[in-house]
Amino acid sequence: MAASPTLRRRRLARELLRLREEAGLTAKQAAADAKKAAPDKSWFEAKITRIETRKILRVKDADLQVLLDVYGVDDHEQREAYRKLAREAATSGWWYGYRDILGAGTYVDLESEASRIRTYQVQHLPGLLQTEAYARAMIRAGGVTSDEEIDRRVEVRMMRQHLLTRTDAPRLWAVIDETAFRKLPSDVATDQIRHLLNVQRPSLRVQVLPDLVGPHAGMDGSFVVLDFKADPSAVYAEQVGGGGLLIEDAEQITIYETVLDHVQASALSVEDSRTWLEARLNQLD
């Protein structure tokens, strides 16, 4: 599996923050020491902070080596490991050719390296579980009118789904509100529901949250929890306009995970959800 540049950037930023704190330096002190070590370079407190918060996406090798000097990292192998991590973090993912659609590609980059994906969706089905016809209908409904742009957006969505066919595919658990099924276009509904039934397996499960549940914990909107084998989890919360907010604060993530636990408990079981989907499919036939 190709390395995720976004995940590498997270690791590098976290490591540099750890090294600074272990050296007993504030960001201001680290910048001052870096300026002494490299007086011909621009060093200031905000630069240290921007590196540690990934506002600077590509840390130059020269800057990295200055910071390693300041933080007292003398071991050659350890320094080379950090330099390798920085080089990997500076690469571009498969999505780079679609940056006009995906922007920085942060979400799809993290999605591609997640070990588990847990999602709750209200208005539409998860992108990873959409048929091409359904994806096309949703993109057009979102206000995209150019056939060329629609084709590119559909292509990206289908490419994202390739991760589910990998030998190391992430586990996927989706809770889908009944609202999303009421909004299924009639000409794609049958194939879409059949796809949801066929794609399920022990590592890919779907639950339906029916209307009869009434008010529930997830009414504030859709979100995705991304878990990683060796890195902290992240949450992607959807926002108006098709964009989203990437959340990495541990306390905030715990809140979303608690909401997801409640939503899963309120939803039909996996088996009852299959029965619900089969019944809806029979109604369409």
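Our subject is the structure listed above.
The following paragraphs examine the structure supplied in this document.

A few points about the overall build of the protein
Link 1 in the chain: Helices and strands together make up the secondary structure of the protein, namely 13 helices and six strands.
Link 2 in the chain: Judged by the C-alpha coordinates and their principal axes, the protein covers about 75 × 40 × 35 Å.
Link 3 in the chain: Considering the protein as a whole, with its 285 residues, one finds that 46% of them fall into the buried category.
Link 4 in the chain: Put simply, of all contacts in the protein between residues at least 6 apart along the chain, 73% involve residues at least 24 apart.
Link 5 in the chain: Accessible surface, the protein: about 14600 Å² in total, of which carbon and sulfur atoms supply 50%.

Examining the sheet that holds strand β1 (residues 116-121)
Link 1 in the chain: Across the sheet, six strands lie side by side as β3-β2-β1-β4-β5-β6; this open sheet has mixed pairing. Each edge of the open sheet is held by one strand with a lone partner, namely β3 (204-209) and β6 (244-247). Averaged over all neighbouring strand pairs, the angle between strand axes comes to 10 degrees, with direction disregarded.
Link 2 in the chain: Note that strand β2 (residues 171-177) and β3 share six bridges and pair parallel. By the bridge assignment for β3, Leu-172 is matched with Leu-204.

Focus on the pattern of salt bridges
Link 1 in the chain: Here the structure, examined in full by the defined rule, presents 26 salt bridges.
Link 2 in the chain: Where Asp-231 meets Arg-14, a salt bridge forms, and the shortest distance between an N and an O atom there is 2.9 Å. Remark: Arg-14 occurs in helix α1 (residues 5-22) and Asp-231 occurs in the loop between β4 (223-227) and β5 (234-238); sequence separation between them is 217 residues.
Link 3 in the chain: Accessibility expressed as a relative area gives 7% for Asp-231, which makes it buried.
Link 4 in the chain: Put simply, Glu-15 and Arg-18 hold a salt bridge, and the shortest N to O gap is 2.6 Å. With Glu-15 and Arg-18 both in helix α1 and three residues apart, this pair spans about one turn of that helix.
Link 5 in the chain: One salt-bridge network, in which partners are shared between bridges, spans Arg-8, Arg-11, Arg-14, Lys-84, Glu-88, Glu-113 and Asp-231.

Side note on the packing of α1 against helix α5 (residues 76-89)
Link 1 in the chain: Running from amino to carboxyl end, α1 crosses α5 at an angle of 140 degrees, the nearest separation of the two axes being 8 Å. In this view, α1 runs oblique relative to α5, as classed from their interaxial angle. Of the two elements, α1 crosses α5, and the hand of that crossing is left-handed. Along the contact surface, α1 presents Pro-5, Arg-8, Arg-9, Arg-11, Leu-12, Glu-15, Arg-18 and Leu-19, while α5 presents Tyr-82, Leu-85, Ala-86, Glu-88 and Ala-89.
Link 2 in the chain: Across the contact of α1 with α5, the residue classes tally to seven nonpolar, no polar and six charged.

Comments concerning the packing of helix α4 (residues 61-70) against α5
Link 1 in the chain: The contact between α4 and α5 brings their axes to 10 Å, and the two run at 145 degrees. Note on packing geometry: the crossing formed by α4 with α5 is right-handed. Between α4 and α5, the residues in contact are Asp-61, Leu-64, Gln-65, Leu-68 and Asp-69 and Arg-79, Tyr-82, Arg-83 and Ala-86, respectively.
Link 2 in the chain: Taken together, the residues of the contact of α4 with α5 break down into four nonpolar, one polar and four charged.

Conventions adopted
- Residues numbered from 1 in each chain as written.
- Predicted model: local features only at pLDDT ≥ 70, side-chain atom pairs only at ≥ 80, totals over all residues.
- Heavy atoms only, no water.
- Helix = DSSP H or I, 4+ residues; strand = E, 2+ residues; numbered from the N terminus.
- Buried < 20%, exposed > 50% of the residue type's maximum accessible area, 1.4 Å probe, protein only.
- Contact = heavy atoms within 4.5 Å.
- Areas by Shrake-Rupley, 256 points an atom, 1.4 Å probe, with all protein chains shown as cover.
- Pairing = 2+ DSSP bridges.
- Axes fitted to C-alpha atoms, helices over the stretch in contact; angles between N-to-C directions.
- Salt bridge = Lys/Arg side-chain N within 4 Å of Asp/Glu carboxyl O.
- Parallel < 35°, antiparallel > 145°, perpendicular 65-115°, else oblique.
- Left-handed = near helix turned anticlockwise from the far one by under 90°.
- Nonpolar A, V, L, I, M, F, W, Y, C, P; charged D, E, K, R; others polar.

Keep in mind these numbers describe shape, not what the thing actually does.
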